[in-house]
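Here is what each chain is made of, one letter per residue.
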Amino acid sequence: MKTYKELRDDQYSSRLQEEGVEYLGVYVNNFWENPYTFLKLRLAIELSVILIYFLQRTPVTPNMVTIIFALSGICGGILIASQNKYAITCGLVIFFLKIVLDAVDGGLARETGKSSLTGKVMDPHASYIGFLAFLVGFGFYVASYNNFFFYLIPLVPFFLAIRLKGYSEAHM
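Just so it is clear, the model here is predicted, and its values are computed rather than measured.

1. Some points on the overall build of the protein
Piece 1. Each helix and strand in the protein was counted, giving 6 helices and 2 strands.
Piece 2. Listing each helix as α and each strand as β along the protein from the N terminus yields α-β-β-α-α-α-α-α.
Piece 3. Looking at the 172 residues of the protein, the share that counts as buried comes to 31%.
Piece 4. Taking the contacts inside the protein whose residues are at least 6 apart along the sequence as the reference set, 71% of them involve residues at least 24 apart.
Piece 5. Summed over its atoms, the accessible surface of the protein is roughly 10400 Å², and 71% of this surface lies on carbon and sulfur atoms.

2. Observations regarding the packing of aromatic side chains
Piece 1. Taken as a whole and assessed by the stated rule, the structure comprises 9 aromatic pairs.
Piece 2. Relative to Tyr-53, the ring of Tyr-4 lies with its centre 6.2 Å away and its plane at 85 degrees, an arrangement referred to as edge-to-face. Taken together, the residues span a long stretch of sequence, with Tyr-4 in helix H1 (residues 4-19) and Tyr-53 in helix H2 (residues 35-55) at a distance of 49 residues.
Piece 3. Here the aromatic rings of Tyr-53 and Phe-54 are separated by 5.3 Å at their centres, their planes lie at 75 degrees, and the arrangement is edge-to-face.
Piece 4. Exposure remark for Tyr-53: the relative accessible area of 24% places this residue in the partly exposed category.
Piece 5. In textbook terms, an aromatic cluster arises when at least three aromatic residues are bridged by ring pairs, as seen for Phe-95, Phe-134, Phe-138 and Tyr-141.
Piece 6. Directly above the ring of Tyr-53 sits Arg-57, whose terminal nitrogen or CZ lies 4.4 Å from the centroid.
Piece 7. Here the guanidinium or amino end of Lys-98 rests over the ring plane of Phe-69, the centre of that ring lying 4.1 Å away.

3. Comments concerning the packing of helix H3 (residues 62-81) against helix H4 (residues 85-112)
Piece 1. In the contact formed by H3 and H4, the axes pass within 8 Å of each other and the chain directions differ by 170 degrees. In terms of their interaxial angle, H3 and H4 are classed as roughly antiparallel.
Piece 2. Of the residues assigned to the contact of H3 with H4, the class counts are 16 nonpolar, 7 polar and 3 charged.

4. A few points about the side chain of Lys-98
Piece 1. Here Lys-98 shows up in helix H4.
Piece 2. Buried Lys-98, no salt bridge; nearest opposite-charge side chain is Asp-102, N-O distance 7.7 Å.
Piece 3. Dropping the residues within four chain positions of it, Lys-98 is found in contact with Phe-69, Ser-72, Gly-73, Ala-126 and Gly-130.

5. Concerning H3
Piece 1. With 20 residues, H3 extends 29 Å between its outermost C-alpha atoms, agreeing within 8% with the 28 Å of an ideal straight helix rising 1.5 Å per residue.
Piece 2. Taken together, the buried positions of H3 are Pro-62, Val-65, Thr-66, Phe-69, Ala-70, Ser-72, Gly-73, Gly-76, Gly-77 and Ile-80. In a view along the axis of H3, the buried residues occupy a sector of 150 degrees, so they form one face of it.

6. Brief notes about a nonpolar patch on the surface
Piece 1. A grouping of Tyr-4, Tyr-36, Leu-43, Leu-47, Ile-50, Phe-54, Val-93, Phe-96 and Leu-97 is seen on the molecular surface, where their side chains present a nonpolar patch of about 770 Å² in accessible area.
Piece 2. For the nonpolar patch, the secondary structure elements donating two or more residues are H2 and H4.
Piece 3. Counting residues per element, the nonpolar patch draws most heavily on H2, which supplies 5 residues.
Piece 4. Within the secondary structure, Val-93 is located in helix H4.

7. What to know about the nonpolar core
Across soluble globular proteins, nonpolar side chains have a tendency to be buried as a group.
Piece 1. One finds Ile-45, Ile-52, Leu-55, Val-65, Val-104 and Leu-108 to be the most contacted residues of the largest nonpolar core, which totals 13 residues.
Piece 2. Elements supplying a minimum of two residues to this core: H1, H2 and H4.
Piece 3. Sort the elements by how many residues they give to this core and H2 lands first, with 6 residues.

Rules used throughout
Residues numbered from 1 in each chain as written. Predicted model: local features only at pLDDT ≥ 70, side-chain atom pairs only at ≥ 80, totals over all residues. Heavy atoms only, no water. Helix = DSSP H or I, 4+ residues; strand = E, 2+ residues; numbered from the N terminus. Buried < 20%, exposed > 50% of the residue type's maximum accessible area, 1.4 Å probe, protein only. Contact = heavy atoms within 4.5 Å. Areas by Shrake-Rupley, 256 points an atom, 1.4 Å probe, with all protein chains shown as cover. Phe/Tyr/Trp six-rings, centres within 6.5 Å; stacked < 30°, edge-to-face > 60°. Lys NZ or Arg CZ within 6 Å of the ring centre and 35° of its normal. Axes fitted to C-alpha atoms, helices over the stretch in contact; angles between N-to-C directions. Parallel < 35°, antiparallel > 145°, perpendicular 65-115°, else oblique. Nonpolar A, V, L, I, M, F, W, Y, C, P; charged D, E, K, R; others polar. Lys, Arg positive; Asp, Glu negative; His and termini not counted. Salt bridge = Lys/Arg side-chain N within 4 Å of Asp/Glu carboxyl O. Expected span 1.5 Å × (residues − 1). Arc of directions from axis to C-beta. Patch = residues over 30% accessible without salt bridge, like charges linked within 9 Å, V, L, I, M, F, W, Y side chains within 5 Å. Core = buried A, V, L, I, M, F, W, Y, C linked by side-chain atoms within 4.5 Å.

What follows is the structure, encoded as structure tokens:
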């Protein structure tokens, strides 16, 4: 088992090497150009190290964390779709902090030596499920203010499922 400092050094080196200086056109190592991305990435790394430190001593597998990651996206979508402002706020916080679970599953897999093909397949799909849940939840939120959108909401999961099928085929 690694110490907290070793885990932290590993996470920083793997995430920043994985992300590189430029990630999707955004420079993650320059606070002045992109303060939001800079701070969110560091928050995700710090919180993920804490979780990995404790989870490496438990029977929790990286695939379990990935499933929780997908379920948290679904829960966040449900909360955003609600009419309660506190539930909506909780849903937005869930979506903001989901990146931590995404970092934990990969880091835990590397640290425990439990990398698997199943995990490599599940990880991008769990992210996509969270994305779909956000869109559907936000669609219901918008529809609550305009009844016309209620007729369009059933079409969103249908078209996104078709896109998910293409996404799955491209990543297999």
